[in-house]
Structure formats: C-alpha cells, structure tokens
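# A closer look at the structure
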Amino acid sequence: MEKEGWLRKGYVDEPVEKGADLKNEIRRLCKEKNAVILGHFYQADEIQEIADFVGDSLALAQWAAKTNADIIVMCGVHFMGETAKILCPEKKVLIPDLNAGCSLADSCPADKFVEFVKEHPDHTVISYVNTSAAVKAVTDIVVTSTNAKQIVDSLPADEKIIFGPDRNLGNYINSVTGRDMLLWNGACHVHEKFSVERIIELKRQYPDAAVLVHPECKSAVARLADKVASTAGLLKYAVASDKKDFIVATESGILFEMRRKCPDKNFIPAPPEDSTCACNECNFMRLNTLEKLYNTLKYEWPEVQVDENIAKDAIKPIRRMLEISEKLGL
Ligand code: 13P
Ligand code: SF4
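Since the structure is predicted, the reported quantities are computational estimates derived from the model, not experimental observations. (Residues numbered from 1 in each chain as written. Chains lettered and ligands numbered in written order. Predicted model: local features only at pLDDT ≥ 70, side-chain atom pairs only at ≥ 80, totals over all residues. Heavy atoms only, no water.)

## Quick word on the overall build of the protein chain
Heads up, the condition is: Strands are runs of DSSP state E lasting at least two residues, helices are runs of H or I lasting at least four, and both sets are numbered from the N terminus onward. Both definitions apply: the radius of gyration is a C-alpha atom measure, and the globule rule equals 2.2 Å times residues to the power 0.38. Residue contacts are defined here by distance: any two heavy atoms, one from each residue, within 4.5 Å place the two residues in contact. For the accessible areas, the method is Shrake-Rupley and the probe is 1.4 Å, while residue cover comes only from the protein chains on display. The charge count treats Lys and Arg as positive and Asp and Glu as negative. His and the chain ends do not count. To locate a charge, the coordinates of NZ of Lys, CZ of Arg, CG of Asp or CD of Glu are taken.
Counting its secondary structure elements, the protein chain contains 16 helices and twelve strands. Relative to the compact-globule value of 20 Å for 330 residues, the protein chain shows a C-alpha radius of gyration of 20 Å, a close match. With the C-alpha coordinates aligned to their principal axes, the bounding extent of the protein chain is approximately 55 × 50 × 35 Å. Relative to all contacts within the protein chain whose residues are 6 or more apart in sequence, the contacts with residues 24 or more apart total 65%. Carbon and sulfur atoms provide 48% of the accessible area of the protein chain, an area that totals close to 14,700 Å². Taking the average location of the 42 positive side-chain charges in the protein chain and that of its 50 negative ones, the two points are 3 Å from each other.

Structure (structure tokens):
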C-alpha cells in the first residue's frame, strides 16, 4: 500500500487485477462489507449500472438518511458525500475520488458567505445543497432544485431571504415565486456553458423536440425550455410526455437513465458553446470510475470527513429540508 501516494492523489492508485470482473467484485465487496452505493444521475453509465440507488441530489440525501448499511459509497461529488456524512456521522462515507469537487460549491467560499449573511441579519438563509458543510452551517434551510420552489413558497410572503450560491437557480426561483430574494453570485461551470444559439440550431433539426433545461442554466437558455426542472423532474417529464424527441440541457449523464426509462424516445444532448464536443460533461463527476469505485470499497479509502462542530450546525438546515420535503411528498 502506497498510502502517501494515495494521499497526494486523493484516490487509491492501485492497479486492478488483470481480467478481474470489476462489477462482480464490487457487488461482492458491497455484500461482504454491508456497503451501499449511491450514484448521481451525472455519473458515468457503468457506475449508474452498478449503483444500488441512482437519483438526484435530494434522493441521495434521503437514501443516505435511511440506509441501514455500515458503509455508504457516494458516487457523486464531495458535497454529496459531506451531506451523507453529516446525516450519518456513525457510518463510514467513502467517495471514489476526493478531487470530485463542484465549481458551484467553490463559487461560495464559507468566509465570504458568512460576511454576506452578517450584513443581512434580518434575512432567512436558503442554500442550495451544492455548498460546503461550512456554508450549510450558517444556513437556515437547505434546498435542492427539486424542492427549492416549494420550500420558498412555504415561507411567509414578506420573509426576507438570502439565496445562495447559484444565481441562475435563484433568478429562476424568483421568477416562479414572485419573490425578490437576495442572490449570491455563484454559478456552475457546466450549466453556464449551454448557449441559446446552439439549442436553436438543434431545434431547427428537431422542430418537434421538447427542450428540457436544468435551472442552473442561464435565464436566456431557460426561456427556450418546455420544461425547467431538476434532473429527477426532467426525467419524470420525459417519461410522461408523448413527444418523441428531447433536447436535454443538463449534464449528459442523465441521458443514460432517460434512455433506459424511455427506450423508444430520442434524447439529444445540448452541446456546450465554443466546443466541438456533442455533450456537456462535469469533469468533477466524471473523476469517479469503476476502478476507483472498486478500490475505494476494497481499501475503504478515501473517507469523507466533516468537522464535528460544523456538522452539528450543518445538520439542522439539512434536516429541515428533509422534513419539509416529506410533508410535501417530495
Ligand atoms: P439535481 O440532481 O438535484 O438536479 O442537481 C444537479 C447538480 O448539478 C448536482 O450537482
Ligand atoms: Fe457542480 Fe455543476 Fe458538476 Fe453539478 S454539474 S457537480 S453543479 S460543477
């Protein structure tokens, strides 16, 4: 074991035995260690295939909160692992690659956000789940894109609200709730890359297609949408729709589950602007691979850790989100 090398790299850098059936080995290790694999819709296809549960950010938190497993392997990004660890401090929470961060969470450094909150002491603080544990620790209610509108709607109309860190989601929630929340100026580098021009080009090729847009996209892109929703919301819309073609403006990993659920429908990934790539992938999400997943289970490393003092404050707004979501049937 070259622990020093692993520490430097942030993942277990051990060669996998030649010819090993990784999927079988992963399932065997899960059984042996009573581990559960939770995967986000933006993970590579082979990870979604092997995961016990695949879902959006809200579902991942809900599953983490109720699992009986001793080990949770979070196939997603770091803040998702932190949320699971905060909810289950007694469990071991593993992530295949510690470098799987999030540009949106990084656009909201905790020290700056604390200052911002202090400048507006009469405001309720709502934070998107895509934030560090330290940001959640100064938050009143955490939301995801699945429940943000309903949670904001559940607050009194005259309540002053700070919403962070995603300015696009914040603008969208302001527009659908008629609020005037004070927004933190953060964004996701993947969703900001979708362009109006390239979606219009695709619409010319597929005139009957429905345009599905994640609310982390810019408002000009959201205005082209037939449906703006979280990954789970877009999936639900595609399943229920009688359309055949769908242009999908979110991370292209979601297409795996869309195609699995709707094999007769045609899902076209919206490309990022200024790129020859057809799909828009999150480089952080894609750091997790089947090999790293196998190694993280085998060596039970790297573990997601959250400072106890931060966790004790961060759990309150996460629990509030889960309680409100349960009441709302989400
Ligand atoms: P949802 O799965 O909650 O829609 O989140 C999208 C996202 O960007 C996760 O990082
Ligand atoms: Fe973060 Fe954007 Fe990647 Fe989601 S897609 S994990 S918001 S960087």
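So that's the structure; there's more coming.
## Examining the site of ligand 2
Counted only if it meets this: Think of it this way: one heavy atom of a residue within 4 Å of a molecule or strand is enough to make that residue near it. Following the grouping adopted for this structure description, the nonpolar residues are Ala, Val, Leu, Ile, Met, Phe, Trp, Tyr, Cys and Pro, the charged ones are Asp, Glu, Lys and Arg, and the polar ones are all others, Gly among them.
The environment of ligand 2 is formed by 13 residues, the closest being C102, S103, N130, C188 and C282. When the residues that make up the shell around ligand 2 are grouped by side-chain class, the tally is eight nonpolar, four polar and one charged.

## Structural notes on the layout of surface pockets
Rule in force here: Here a cavity denotes a set of grid points, spaced 1 Å apart and computed over the protein atoms alone, in which a 1.4 Å probe fits but from which it cannot get out, and a pocket denotes an open set meeting protein on both sides within 12 Å along at least five of seven lines; residues with an atom within 4 Å of a point are reported as lining. Grid points are joined across faces, edges and corners, and a volume is the space filled by probe spheres set on the points.
Volume-wise, the largest pocket comes out at about 580 Å³. Surrounding the largest pocket, 28 residues form its lining, T146, S230, A232, G233 and K236 being those nearest its centre. For the lining of the largest pocket, the elements supplying multiple residues, two or more each, are α3 (45-50), α9 (148-153), α10 (167-177), β10 (227-228), α13 (231-240) and α14 (254-261). With five residues, α13 is the largest single contributor of residues to the lining of the largest pocket. Considered class by class, the residues forming the lining of the largest pocket number 14 nonpolar, seven polar and seven charged. For the second largest pocket, the calculated volume is near 160 Å³. As for the second largest pocket, its lining consists of K85, I86, P89, Q305, V306, E308, A311, K312 and I315. Of all the elements in the fold, those that place two or more residues in the lining of the second largest pocket are α5 (78-87) and α16 (308-327). Of the residues contributing to the lining of the second largest pocket, the split by class is five nonpolar, one polar and three charged.

By themselves these figures say nothing about function.
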